[in-house]
Amino acid sequence: MSSATSPLALPFPDAPPIAGVTPRVARARYKTWDRCDLTFVTLDSGTAVAGVLTQSKCPSPEVEWCRDALVLGQARALVVNAGNSNAFTGNRGRAAVEAIAARAANHLGCQPSDVFVASTGVIGVPLPIDKAEAGLDAAFAAAPCDWQDAATTIGTTDTYAKGAVTTAVVDGRTVTLVGIIKGSGMIMPDMATMLGFIFTDAAATPGFLQGALSAANKKTFSCITVDSDTSTSDTVLAFATGKAGNAPLSDDDSAGADAFRAALADLCHQLAMLVVRDGEGAQKLIEIQVSGAESDASAHRIAISVANSPLVKTAIAGEDANWGRVVMAVGKAGEPAERDKLSIRFGDTQVAEHGLAVEGYDEAPVAAHLKGREIEVGVDLGLGDGRATVWTCDLTHGYISINADYRS
């Protein structure tokens, strides 16, 4: 974890234990740092699992392992390594994942396919099996930890531990959902995000859990970007232990299905916002609202184009209301747009309308808005009913400083 905390950081919530889930942390010493870097979470028998994984064409062996294991829909353990992503490492990388899963499975008396593995850090360096196995042995013997310790341990360039909690009433029972997540740079998932792990005591079938997570992902993790770069390792997994005692959620007609879906979507939104708030070098959280597009999908692509524009992001970093850069980003998106119908606002102030600057608009409230930590940019294309919201952060010198010497 970085020593300088993001000015947009939020405090870690009071996250309770989840029945059937036990997290532990240990030092595998993947890097020369004085901190825990291996997280081991055990899950009681009967735990269902769902996940969303990177669409990168160069995924890590951990992603491939999880993709195969998700087909079975059951989980007994999660192992997360920080400091080495194990991506682009060929057979040596695959052997490391297999060794980790086998060792954890032997410890628990389960199948290796019941063990989910995720890694984050430098690309192109094989994960050392000896350090992974020694770290696991230390984790097996470690005392259980709290969620904040687990969240801290999975971090890399993160400046603060990220976690969220929510509840829902399902079949007359209160179920709890807790999530931890890491991510600061290499953030533009078009599937999920960074590394995120969700735990609930609700009872749910793998199919229902997968549908709920995929739907939540579409409006949250797939709507954030820090730098337009999709990681080789992006993974979000959700685990449901069933310990709350509700009748299992199996389809949308199940008692409490809507409440659970809403709670999961809320949790995912909280986690996604924590990542954007910790964008490398970030000083401002930016919300891009696009309306009036020909479709929601078109609005999303336009919003992403604006959010990923270095010129837009640096203008906001400099607190400059340069709405011409927003026009540029809309125009380059490749989506239907008509110059003379386009309108743009910063905060509550309309700065351009129907293809022209608003004559005589007062720039004072715009300047005041841009001096804040949370910035809102609105784009109305005037073409249809499509709308989308995307979140990003500004682009500062801090991003360059962090990434120019990332491996050192």
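Reading guide: rules and limits
Residues numbered from 1 in each chain as written. Predicted model: local features only at pLDDT ≥ 70, side-chain atom pairs only at ≥ 80, totals over all residues. Heavy atoms only, no water. Pairing = 2+ DSSP bridges. Helix = DSSP H or I, 4+ residues; strand = E, 2+ residues; numbered from the N terminus. Buried < 20%, exposed > 50% of the residue type's maximum accessible area, 1.4 Å probe, protein only. Salt bridge = Lys/Arg side-chain N within 4 Å of Asp/Glu carboxyl O. Core = buried A, V, L, I, M, F, W, Y, C linked by side-chain atoms within 4.5 Å. Contact = heavy atoms within 4.5 Å. Phe/Tyr/Trp six-rings, centres within 6.5 Å; stacked < 30°, edge-to-face > 60°. Lys NZ or Arg CZ within 6 Å of the ring centre and 35° of its normal.

### Comments concerning the sheet that holds strand β12 (residues 356-357)
Strand order across the open sheet formed by six strands is β12-β11-β10-β13-β9-β14, with mixed pairing between neighbours. This sheet does not close on itself; its edge strands, each paired only once, are β12 and β14 (386-393). Where strand β10 (residues 343-346) and strand β13 (residues 374-380) come together, four bridges link them in antiparallel fashion. Looking across to β13, one finds that F346 is bridged to V377.

### Remarks on the pairing of β14
With six of eight residues buried, β14 is to be regarded as a mostly interior element. Bridge count between strand β9 (residues 285-293) and β14: seven bridges; the pairing is antiparallel. Note on β14: the bridge partner recorded for A293 is G386.

### Observations concerning the pattern of salt bridges
Tallied over the entire structure, the rule returns 14 salt bridges. The residue D137 makes a salt bridge to R103 at a minimum N-O spacing of 2.9 Å. Taken as a pair, D137 in helix α3 (residues 129-141) and R103 in helix α2 (residues 90-108) lie far apart in primary sequence, 34 residues in all. Owing to a relative accessible area of 34%, D137 belongs among the partly exposed residues under this scheme.

### Description of the nonpolar core
If you look at the biggest cluster of nonpolar residues, it comprises 76 residues, and the most contacted ones within it are I198, L213, I224, F260, L264 and V326. In terms of residue count, the dominant contributor to this core is helix α6 (residues 257-277) (twelve residues). Among residues more than four places away in sequence, those in contact with L264 are L177, I198, A212, L213 and A216. In terms of nonpolar packing, the next biggest core, distinct from the first, is built from 31 residues, F12, V49, F116 and A150 among them.

### Regarding the packing of aromatic side chains
The full count for this structure, using the stated rule, is five aromatic pairs. Relative to F239, the ring of F199 lies with its centre 5.4 Å away and its plane at 15°, an arrangement referred to as stacked. Placement of F199 in strand β7 (residues 195-200) and of F239 in strand β8 (residues 235-240) is noted, with a sequence separation of 40 residues between them. The pair F199 / F239 is uniform in exposure class, with both members buried. Grouped by ring-pair contacts, the aromatic residues F116, W147, F199 and F239 constitute a single cluster. Directly above the aromatic system of W33 lies the positively charged group of R35, at a separation of 4.0 Å from the ring centroid. For K162, the ring lying beneath its charged end belongs to Y160, and the centroid distance is 4.8 Å.

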